[in-house]
Amino acid sequence: MAPADPHDLIAEIRALKAERHAAILAHNYQRPEIQDLADVLADSLQMARRATELDAPLLVICGVHFMAETAAIANPGKRVLIPDPDAGCSLAATIQAADVRAWRTEHPDGLVVAYVNTSADVKAEADYCCTSGNAVAVVTALPPGVPVLFLPDFFLGQYVKRVTGRDIDLWLGECHVHAALTRETLEQRRTQFPDAEFLVHPECGCVTSAMYYAEAEGDVAAGRMGIVSTEQMMRRARSSNARQFVVATETGVLHRLRRENPGKEFIAAAESAECRYMKMITLENLRDSLRDLKYEVSVPPETAARARRAVERMLTIG
Ligand code: 13P
Ligand code: SF4
């Protein structure tokens, strides 16, 4: 069968969305055609916040599975769909609920801060959730003198540890896409684009080097090295006077950065930084999702109730 015409698919998606009173929430890493159709296009934090603010009874999450679970946890009265249930996350897969319980056994008074890139089962074991957009604010808000475990991203954890000055246990998880953006990648781009401003996601393997340059007095990059979530990248690109930016994260963000800043140039730190899970959402499966009401994401009520406390804290801090 010949592939469907994208224009027909887009028209079908719009009609189904209206008929179902649905809202489409897409992450900044989605394919351009999905980004252009979204009612909400944002980072993990804003996606989660907007999911609770929208009136729509049906939320279609164009992102990865943990994002749909988070929407389901925070919105027990709404129906949540994901167009491809296999859109997972290699970072979320690095930790299980039993790992958190094991740490708690050794630290009965400890607090667990779980990055939103975790399963609902892990969130249910956590005290606080956070995203890259508010991780520093969440850790800063913790009571002093208590042992803390930050999970599962080691690079983001290192960044938070350094900025807050707090002694934190770090889980050794990483995202394969961001970990591949190393110190060497950063060095190469600094040499190639000495005048550019750098936008670096804190999950990147190069985050420690980026922090070093951002703090190093006299370094040409000081003041031009932002360690930011994808939504903060959007804000920084808008407000900065720079004309050229090197962007260290998944390459999906380039579409929105370019669309919103026509006079500025955005260069990928590495073109290969593509998340195959994020790209599993297509016009076809988004249309099928709205047409056939699949794939519904629900979290068992007992797990959701336990996870909700940590998720709600994430939504209110920072
Ligand atoms: P944001 O925190 O900017 O949403 O990006 C993190 C990420 O990798 C989403 O999976
Ligand atoms: Fe997970 Fe990494 Fe993909 Fe984000 S980019 S969804 S952290 S695998």
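Residues numbered from 1 in each chain as written. Chains lettered and ligands numbered in written order. Predicted model: local features only at pLDDT ≥ 70, side-chain atom pairs only at ≥ 80, totals over all residues. Heavy atoms only, no water.

**Student:** Hey, could you run me through the overall build of the protein in this one?
**Tutor:** Helix and strand counts for the protein stand at 15 helices and 12 strands. Its C-alpha radius of gyration of 20 Å places the protein within 12% of the 20 Å reference for a compact globule of 318 residues. Projecting the C-alpha coordinates of the protein onto the three principal axes gives extents of approximately 55 × 50 × 30 Å. When the 318 residues of the protein are sorted by exposure, 58% land in the buried category. Here the analysis covers contacts within the protein between residues at least 6 apart in sequence; of these, 65% occur between residues at least 24 apart. On the protein, roughly 13,300 Å² of surface is accessible, and the fraction owed to carbon and sulfur atoms is 50%. (Helix = DSSP H or I, 4+ residues; strand = E, 2+ residues; numbered from the N terminus. Rg over C-alpha atoms; globule rule 2.2 N^0.38 Å. Buried < 20%, exposed > 50% of the residue type's maximum accessible area, 1.4 Å probe, protein only. Contact = heavy atoms within 4.5 Å. Areas by Shrake-Rupley, 256 points an atom, 1.4 Å probe, with all protein chains shown as cover.)

**Student:** What am I meant to see in helix 13 (residues 253-260) here?
**Tutor:** One turn of the α-helix equals 3.6 residues, which is why residues spaced by three or four share an orientation. Regarding helix 13, the residues found buried are Val253, Leu254, Arg256 and Leu257. The arc that holds every buried residue of helix 13, seen down its axis, measures 165 degrees, which confines them to one face. Those residues of helix 13 hidden inside the fold are in contact with helix 2 (32-35), strand 2 (40-42), helix 12 (230-239), strand 11 (244-248) and strand 12 (265-268). (Arc of directions from axis to C-beta.)

**Student:** Looking at this structure, how should I read the site of ligand 1?
**Tutor:** Surrounding ligand 1, one finds 15 residues, the nearest of these being His27, Ser44, Ser132, His201 and Thr230. One of the side-chain nitrogen or oxygen atoms of Ser44 is found 2.6 Å away from an oxygen atom of ligand 1. Residue His201 places a side-chain N or O atom 3.2 Å away from an oxygen atom belonging to ligand 1. For ligand 1, the protein covers 96% of the area, taking 300 Å² as the surface of the free molecule. Judged by its atoms lying within 2 Å of the grid points, ligand 1 is housed in the largest cavity. Residue classes in the shell around ligand 1 are distributed as five nonpolar, eight polar and two charged. (Near = heavy atom within 4 Å. Polar contact = N/O pair within 3.5 Å; in protein donor to acceptor, adjacent residues only side chain to side chain. 1 Å grid on protein atoms, 1.4 Å probe; cavity = no way out; pocket = protein on both sides within 12 Å on 5 of 7 lines; lining within 4 Å. Sits in = over half its atoms within 2 Å of the grid points. Nonpolar A, V, L, I, M, F, W, Y, C, P; charged D, E, K, R; others polar.)

**Student:** Please clarify how the sheet that holds strand 7 (residues 148-151) should be interpreted in this entry.
**Tutor:** Strand-to-strand pairing in sheets goes through backbone hydrogen bonds, with the strands running parallel or antiparallel. The strand order across the open sheet formed by four strands is 6-5-7-8, and the pairing between neighbours is parallel. If you trace the sheet from one side to the other, it starts and ends with strand 6 (128-130) and strand 8 (169-170), each paired once. Here strand 5 (residues 111-115) pairs with strand 7 via four bridges, running parallel. Considered in strand 7, the bridge of Val112 is made with Leu149. (Pairing = 2+ DSSP bridges.)

**Student:** Before we go on, may I ask you to explain empty space enclosed by the protein in this structure?
**Tutor:** To find leftover empty space, one rolls a probe the size of a water molecule over the atoms. In total, this model carries two cavities of 30 Å³ or more according to the counting rule given. Size it by volume and the largest cavity reaches roughly 250 Å³. When contributions to the lining of the largest cavity are tallied by element, the ones reaching two or more residues are helix 4 (65-74) and helix 9 (176-179). Per-element accounting of the lining of the largest cavity gives the leading share, three residues, to helix 9. (Points joined across faces, edges and corners; volume = space filled by probe spheres on them.)

**Student:** Would you explain the pattern of salt bridges in this entry?
**Tutor:** For side chains bearing opposite charge, pairing can occur when the charged atoms are close. With the rule as written, the count across this model stands at 21 salt bridges. Here Arg162 and Glu215 are joined by a salt bridge, their closest N and O atoms 2.5 Å apart. In this pair, Arg162 is assigned in helix 8 (residues 154-164) and Glu215 in helix 11 (residues 207-215), connecting sequence segments 53 residues apart. Its relative accessible area of 45% is what places Arg162 among the partly exposed residues. The exposure class of Glu215 is partly exposed, given its relative accessible area of 46%. One salt-bridge network, in which partners are shared between bridges, spans Glu12, Arg287, Asp288, Arg291, Asp292 and Lys294. (Salt bridge = Lys/Arg side-chain N within 4 Å of Asp/Glu carboxyl O.)

**Student:** Help me understand the packing of aromatic side chains, please; the structure alone is not making it clear to me.
**Tutor:** By convention here, two paired aromatic rings are described through the distance between centres and the angle between planes. Evaluation of the coordinates by the stated rule reveals three aromatic pairs. Measuring from centroid to centroid gives 5.7 Å for Phe154 and Phe155, while their planes differ by 70 degrees, and the two rings are edge-to-face. Looking at Phe155, the relative accessible area reads 14%, which means it is buried. Note on Tyr212 and Tyr213: the rings are 5.4 Å apart at their centroids and 65 degrees apart in plane angle, and the pair reads as edge-to-face. (Phe/Tyr/Trp six-rings, centres within 6.5 Å; stacked < 30°, edge-to-face > 60°.)

**Student:** Would you mind showing me how to read the environment of Lys264 here?
**Tutor:** Note on placement: Lys264 falls in the loop between helix 13 and strand 12. For the pair formed by Lys264 and Ala102, sequence separation is 162 residues and the distance between their alpha carbons is 49 Å. Residues in contact with Lys264, not counting those within four places in the same chain, are Ala237, Arg238, Ser240, Ala242, Arg243 and Phe245. Of the polar contacts made by the side chain of Lys264, one reaches the backbone oxygen of Ser240; its length is 2.8 Å.

**Student:** Would you mind showing me how to read the site of ligand 2 here?
**Tutor:** Taken together, Tyr29, Val64, Cys89, Ser90, Asn117, Cys175, His176, His178, Glu203, Cys275 and Met278 make up all the residues around ligand 2. Using a 2 Å cut-off from the grid points, one finds that ligand 2 occupies the largest cavity. When grouped by side-chain class, the residues that make up the shell around ligand 2 number six nonpolar, four polar and one charged.

**Student:** Before we go on, may I ask you to explain the side chain of Glu125 in this structure?
**Tutor:** Relative to the assigned elements, Glu125 resides in helix 6 (residues 120-125). Glu125 gets classed as buried once you look at its relative accessible area, which sits at 11%. Only 3.1 Å separates the side chain of Glu125 from the side chain of Arg306, close enough to count as a polar contact. If we skip the residues at most four places from it in the chain, Glu125 touches Ala97, Val100, Arg101, Arg104, Val112 and Arg306.

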